[in-house]
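Spelled out, the chains give:
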Amino acid sequence: DAGITQSPRHKVTETGTPVTLRCHQTENHRYMYWYRQDPGHGLRLIHYSYGVKDTDKGEVSDGYSVSRSKTEDFLLTLESATSSQTSVYFCAIRSTGDEQFFGPGTRLTVL
Amino acid sequence: KNEVEQSPQNLTAQEGEFITINCSYSVGISALHWLQQHPGGGIVSLFMLSSGKKKHGRLIATINIQEKHSSLHITASHPRDSAVYICAVSRGSQGNLIFGKGTKLSVKP
């Protein structure tokens, strides 16, 4: 157990509303990632962080922003949610051995 | 063309059968990862390897760097092995993963 939690686990929201997903880790790993998982596309990287206040874009970053103000928390924000952002979102950390460990996921539905 | 390709997409087996899932990639990598996802469930890391072979219980993962190919084998398959198996490769110092689309395995009793 890599000590990763995500909140909320499920969320239904309306188009145009802001949404923030939280990823929390208990083990002080430097690297954290946000992925989305969609049928037909598999998992894709949204944003990642390599330290406090150090973040960078992934493959599908449009419409998303992230923040990391402390080591243990990595926030993913949808500034104005769209139906195309309906997905399952996974947070992951990279261990000292370079393996990635995933959180339980957040199922987001944008109506 | 996807940078990570898995085959087959779907696989049905009888309990006890030997199973092989294949992964091919087209880019330079620092490591290859095999992940497991049960229906409605989270994602679990099974193996990370950069050369040779690793074994954990009934699971064996191999990689051929020259051929850019990896295989995941399951011996004496069991219905609880039913899951989606995902191959991913990591590149560069940031460790970002590029994923295959997964192989859905169903093991019938």
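The rules we used
Residues numbered from 1 in each chain as written. Chains lettered and ligands numbered in written order. Predicted model: local features only at pLDDT ≥ 70, side-chain atom pairs only at ≥ 80, totals over all residues. Heavy atoms only, no water. Core = buried A, V, L, I, M, F, W, Y, C linked by side-chain atoms within 4.5 Å. Buried < 20%, exposed > 50% of the residue type's maximum accessible area, 1.4 Å probe, protein only. Helix = DSSP H or I, 4+ residues; strand = E, 2+ residues; numbered from the N terminus. Contact = heavy atoms within 4.5 Å. Salt bridge = Lys/Arg side-chain N within 4 Å of Asp/Glu carboxyl O. 1 Å grid on protein atoms, 1.4 Å probe; cavity = no way out; pocket = protein on both sides within 12 Å on 5 of 7 lines; lining within 4 Å. Points joined across faces, edges and corners; volume = space filled by probe spheres on them. Nonpolar A, V, L, I, M, F, W, Y, C, P; charged D, E, K, R; others polar. Buried area = accessible area lost by both parts, 1.4 Å probe. Polar contact = N/O pair within 3.5 Å; in protein donor to acceptor, adjacent residues only side chain to side chain.

Re the nonpolar core
Soluble, globular proteins show a tendency: their nonpolar side chains are buried together.
Okay, so step 1: Leu32, Trp34, Phe47, Leu72 and Tyr85 of chain B are the most contacted members of the largest nonpolar core, which totals 23 residues.
Okay, so step 2: Counting only elements with at least two residues in this core, the list comes to strand 3 (19–25), strand 4 (31–37), strand 5 (43–49), strand 7 (59–64), strand 8 (69–74), strand 9 (83–91) and strand 11 (103–108) of chain B.
Okay, so step 3: Ignoring anything within four residues of it in the chain, the contact list for Phe47 of chain B reads Leu32, His33, Trp34, Lys54, Lys55, His56, Leu59, Ile60, Ala61 and Leu72 of chain B.
Okay, so step 4: One finds Met32, Val60, Phe74 and Leu108 of chain A within the second-largest nonpolar core, a separate group that totals 19 residues.

Details of the pattern of salt bridges
Residues and elements named next belong to chain A.
Okay, so step 1: This model, assessed by the stated rule, comprises six salt bridges over all chains.
Okay, so step 2: Arg94 is the salt-bridge partner of Asp98, the closest N and O atoms lying 3.1 Å from each other.
Okay, so step 3: Overall, Asp98 belongs to the partly exposed group, its relative accessible area being 35%.
Okay, so step 4: Because the salt bridges share partners, they merge into one network encompassing Arg22, Lys70 and Asp73.

Description of the layout of surface pockets
Okay, so step 1: Of the volumes computed, that of the largest pocket is approximately 730 Å³.
Okay, so step 2: The wall of the second largest pocket is formed by 14 residues, among which Arg44 and Glu59 of chain A together with Glu3, Ile98 and Phe99 of chain B lie closest to the centre.
Okay, so step 3: Elements represented by at least two residues in the lining of the second largest pocket include exactly strand 5 (42–51) of chain A together with strand 10 (96–99) of chain B.
Okay, so step 4: With four residues, strand 10 of chain B is the largest single contributor of residues to the lining of the second largest pocket.
Okay, so step 5: Here the residues of the lining of the second largest pocket are counted per class, giving six nonpolar, four polar and four charged.

Topic: the interface of chain B and chain A
Okay, so step 1: Facing the 16 residues of chain B at the interface are 17 residues of chain A.
Okay, so step 2: Taken together, both faces of the contact between chain B and chain A bury some 1500 Å²; the carbon and sulfur share is 55%.
Okay, so step 3: Area buried by chain B at its contact with chain A is led by Ile43, Gln94 and Phe99 of chain B, which between them contribute 36% of it.
Okay, so step 4: The interface formed by chain B and chain A contains zero salt bridges.
Okay, so step 5: Our count for the chain B to chain A interface comes out at eight residue pairs in polar contact (both at pLDDT 80 or more).
Okay, so step 6: Secondary-structure elements contributing two or more residues to the side of chain B that touches chain A are strand 4, strand 5 and strand 10 of chain B.

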